[in-house]
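Below are the chains, spelled out letter by letter.
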Amino acid sequence: MKKSILVAALALGLGTAAFAQKNEVPVAVKTAFEKQYPGIKAKWDDENGKYEAGFKYQGQEMSAVYAATGTLEETEVEIPIKNLPAAVHSYVADHKMGKIKEAAKITKANGTVEYEAEVKGGDAIFNADGKFIKIVKD
(Lines give C-alpha, C1' and ligand atoms only; values in the text may rest on other atoms or scores of the structure.)
Protein backbone atom coordinates (compact mmCIF):
# COMPACT_ATOMS: atom_id res chain seq x y z
CA MET A 1 0.00 0.00 0.00
CA LYS A 2 2.84 2.39 0.93
CA LYS A 3 4.58 1.58 -2.37
CA SER A 4 1.50 2.41 -4.45
CA ILE A 5 1.03 5.73 -2.60
CA LEU A 6 4.70 6.56 -3.14
CA VAL A 7 4.49 5.64 -6.84
CA ALA A 8 1.33 7.73 -7.27
CA ALA A 9 2.91 10.71 -5.49
CA LEU A 10 6.06 10.40 -7.60
CA ALA A 11 4.05 10.19 -10.84
CA LEU A 12 2.00 13.23 -9.83
CA GLY A 13 5.17 15.16 -8.99
CA LEU A 14 6.81 14.29 -12.31
CA GLY A 15 3.66 15.20 -14.23
CA THR A 16 3.48 18.57 -12.47
CA ALA A 17 7.17 19.23 -13.12
CA ALA A 18 6.77 18.39 -16.80
CA PHE A 19 3.74 20.68 -17.05
CA ALA A 20 5.64 23.55 -15.39
CA GLN A 21 8.62 23.09 -17.73
CA LYS A 22 6.43 22.95 -20.83
CA ASN A 23 4.64 26.19 -19.90
CA GLU A 24 7.73 28.05 -18.72
CA VAL A 25 8.11 31.47 -20.31
CA PRO A 26 11.44 31.86 -22.16
CA VAL A 27 13.96 34.33 -20.72
CA ALA A 28 13.90 36.35 -23.96
CA VAL A 29 10.15 36.84 -23.60
CA LYS A 30 10.33 37.84 -19.93
CA THR A 31 13.22 40.24 -20.67
CA ALA A 32 11.31 41.90 -23.53
CA PHE A 33 8.20 42.27 -21.36
CA GLU A 34 10.13 43.70 -18.39
CA LYS A 35 11.89 46.19 -20.69
CA GLN A 36 8.58 47.42 -22.13
CA TYR A 37 6.59 47.28 -18.87
CA PRO A 38 9.08 47.69 -15.98
CA GLY A 39 7.80 46.61 -12.58
CA ILE A 40 4.53 45.18 -13.95
CA LYS A 41 3.48 41.67 -12.89
CA ALA A 42 1.85 39.54 -15.56
CA LYS A 43 -0.12 36.32 -15.73
CA TRP A 44 1.28 34.22 -18.59
CA ASP A 45 -0.77 32.00 -20.90
CA ASP A 46 -0.03 29.87 -23.95
CA GLU A 47 -1.46 31.61 -27.03
CA ASN A 48 -1.17 29.03 -29.82
CA GLY A 49 2.54 28.44 -29.22
CA LYS A 50 3.22 32.07 -28.33
CA TYR A 51 3.32 33.73 -24.92
CA GLU A 52 0.56 36.06 -23.76
CA ALA A 53 1.06 38.32 -20.76
CA GLY A 54 -2.15 39.53 -19.14
CA PHE A 55 -1.70 42.58 -16.90
CA LYS A 56 -3.00 45.94 -15.78
CA TYR A 57 -1.11 49.01 -17.06
CA GLN A 58 -1.96 52.62 -16.36
CA GLY A 59 -5.39 51.56 -15.11
CA GLN A 60 -6.26 49.50 -18.19
CA GLU A 61 -6.59 45.75 -18.65
CA MET A 62 -4.08 44.69 -21.31
CA SER A 63 -2.31 41.78 -22.86
CA ALA A 64 0.83 41.46 -24.95
CA VAL A 65 1.67 38.50 -27.17
CA TYR A 66 5.31 37.54 -27.78
CA ALA A 67 7.06 35.01 -29.99
CA ALA A 68 9.48 32.67 -28.16
CA THR A 69 12.34 34.91 -29.35
CA GLY A 70 10.95 37.84 -27.33
CA THR A 71 9.56 39.67 -30.36
CA LEU A 72 6.35 41.55 -29.53
CA GLU A 73 3.61 40.51 -31.95
CA GLU A 74 0.62 42.47 -30.66
CA THR A 75 -0.91 44.28 -27.73
CA GLU A 76 -4.55 44.30 -26.76
CA VAL A 77 -6.24 46.96 -24.64
CA GLU A 78 -9.72 46.60 -23.23
CA ILE A 79 -11.94 49.47 -24.37
CA PRO A 80 -15.52 50.54 -23.63
CA ILE A 81 -17.96 48.85 -26.03
CA LYS A 82 -19.22 52.27 -27.15
CA ASN A 83 -15.70 53.04 -28.49
CA LEU A 84 -15.91 50.35 -31.16
CA PRO A 85 -16.35 51.73 -34.69
CA ALA A 86 -20.02 52.21 -35.64
CA ALA A 87 -19.60 49.63 -38.43
CA VAL A 88 -18.82 46.98 -35.78
CA HIS A 89 -22.08 47.64 -33.95
CA SER A 90 -23.99 47.52 -37.25
CA TYR A 91 -22.37 44.26 -38.35
CA VAL A 92 -23.04 42.55 -35.01
CA ALA A 93 -26.69 43.66 -35.07
CA ASP A 94 -27.25 42.84 -38.77
CA HIS A 95 -25.76 39.35 -38.35
CA LYS A 96 -27.63 38.65 -35.10
CA MET A 97 -24.44 37.91 -33.17
CA GLY A 98 -26.03 38.89 -29.87
CA LYS A 99 -24.98 41.46 -27.33
CA ILE A 100 -21.33 42.59 -27.29
CA LYS A 101 -19.97 41.53 -23.87
CA GLU A 102 -16.47 43.06 -24.06
CA ALA A 103 -14.41 45.03 -26.52
CA ALA A 104 -10.70 45.48 -27.20
CA LYS A 105 -8.36 47.36 -29.49
CA ILE A 106 -5.57 45.21 -30.89
CA THR A 107 -2.40 46.80 -32.22
CA LYS A 108 -0.13 44.53 -34.25
CA ALA A 109 3.65 45.00 -34.14
CA ASN A 110 3.53 46.68 -37.57
CA GLY A 111 1.01 49.26 -36.32
CA THR A 112 -2.09 47.69 -37.88
CA VAL A 113 -5.16 48.19 -35.68
CA GLU A 114 -7.97 45.69 -35.29
CA TYR A 115 -10.96 45.55 -32.97
CA GLU A 116 -12.32 42.58 -31.06
CA ALA A 117 -15.94 42.26 -29.98
CA GLU A 118 -16.79 39.37 -27.67
CA VAL A 119 -20.15 37.94 -28.76
CA LYS A 120 -22.02 34.69 -28.10
CA GLY A 121 -20.16 32.79 -30.88
CA GLY A 122 -16.65 33.86 -29.82
CA ASP A 123 -14.49 36.89 -30.57
CA ALA A 124 -15.45 38.79 -33.72
CA ILE A 125 -12.41 40.52 -35.24
CA PHE A 126 -12.73 43.69 -37.35
CA ASN A 127 -10.25 45.95 -39.12
CA ALA A 128 -9.70 49.60 -38.13
CA ASP A 129 -12.67 50.69 -40.29
CA GLY A 130 -14.99 48.15 -38.67
CA LYS A 131 -15.01 45.67 -41.57
CA PHE A 132 -15.50 42.08 -40.38
CA ILE A 133 -12.43 39.85 -40.68
CA LYS A 134 -13.23 36.62 -38.83
CA ILE A 135 -14.70 35.00 -35.74
CA VAL A 136 -12.40 33.23 -33.30
CA LYS A 137 -14.24 30.50 -31.40
CA ASP A 138 -13.65 30.25 -27.66
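Up top is the structure.
About the criteria used
In every chain, residue numbers begin from 1 and rise along the written sequence. Reporting in this predicted model follows two pLDDT cut-offs: at least 70 for local features of residues, and 80 or more for side-chain atom pairs to be given and counted; totals over whole chains, interfaces and linings ignore these cut-offs and use all residues. For the side-chain quantities, the full set of heavy atoms in the structure was used; hydrogens and water were omitted. Counted as salt bridges are all cases of a side-chain nitrogen of Lys or Arg within 4 Å of a carboxyl oxygen of Asp or Glu. When a residue's accessible area, from a 1.4 Å probe over protein chains only, is under 20% of the maximum for its type it is buried; when over 50% it is exposed; and in between it is partly exposed. Put simply, DSSP H or I for four residues or longer makes a helix, DSSP E for two residues or longer makes a strand, and each gets a number counted from the N terminus. Within 6.5 Å between ring centres, the rings of Phe, Tyr and Trp (the latter by its six-membered ring) count as paired, and their orientation is classed by plane angle as stacked under 30 degrees, edge-to-face over 60, tilted in between. Arc, as used here, means the arc of the directions from the helix axis to the C-beta atoms. Contacts are assigned to residue pairs with any non-hydrogen atoms lying within 4.5 Å of each other. Here, strands pair whenever DSSP counts at least two bridges between them. Inter-axis angles, ranging from 0 to 180 degrees, are taken between N-to-C directions of lines fitted to C-alpha atoms, where helices are fitted over the stretch in contact.

A. The pattern of salt bridges, seen in detail. Across all of its chains, the model carries five salt bridges by this definition. For glutamate 61, the salt bridge is made with lysine 56, and the minimal N-O distance between the two is 3.9 Å. Accessibility expressed as a relative area gives 40% for glutamate 61, which makes it partly exposed. Taking the shortest distance from any N to any O, the salt bridge between lysine 108 and glutamate 74 comes out at 2.7 Å. Linking lysine 108 in strand E5 (residues 102-108) with glutamate 74 in strand E4 (residues 72-79), this pair joins segments that are 34 residues apart in sequence.

B. The packing of aromatic side chains, seen in detail. Summed over the entire model, instances satisfying the criterion amount to ten aromatic pairs. Here tyrosine 37 and tyrosine 57 contribute two aromatic rings whose centre-to-centre distance is 4.9 Å and whose plane-to-plane angle is 80°, an arrangement assigned as edge-to-face. With tyrosine 37 in the loop between helix H2 (27-36) and strand E1 (43-47) and tyrosine 57 in strand E2 (residues 50-57), this pair connects stretches of sequence that are 20 residues apart. Judged by its relative accessible area of 5%, tyrosine 37 falls in the buried class. Taken together through their ring pairs, the aromatic side chains of Phe33, Tyr37, Trp44, Phe55, Tyr57 and Tyr66 make up a single cluster.

C. Quick peek at H2. Taken together, the buried positions of H2 are occupied by Val29, Ala32 and Phe33. The arc enclosing the buried residues of H2, seen along the axis, measures out at 95°, which places them on a common side. Facing away from the buried side of H2 by more than 90 degrees, the exposed set consists of Val27 and Lys35. Those residues of H2 that are buried are in contact with E1, E2 and strand E3 (60-66).

D. Region of interest: the sheet that holds strand E6 (residues 113-119). Strand order in the open sheet formed by eight strands is E1-E2-E3-E4-E5-E6-E7-E8, with antiparallel pairing between adjacent strands. The open sheet has two edge strands with one neighbour each: E1 and strand E8 (132-136). Across the sheet, the axes of successive neighbouring strands diverge by a mean angle of 25°, strand direction being ignored. Here E1 pairs with E2 via five bridges, running antiparallel. Each residue of the ladder has a partner; that of tryptophan 44, found in E2, is alanine 53. Across the sheet, H2 lies against E1, E2, E3 and E4, angled at about 140° from E3, the strand it touches most.

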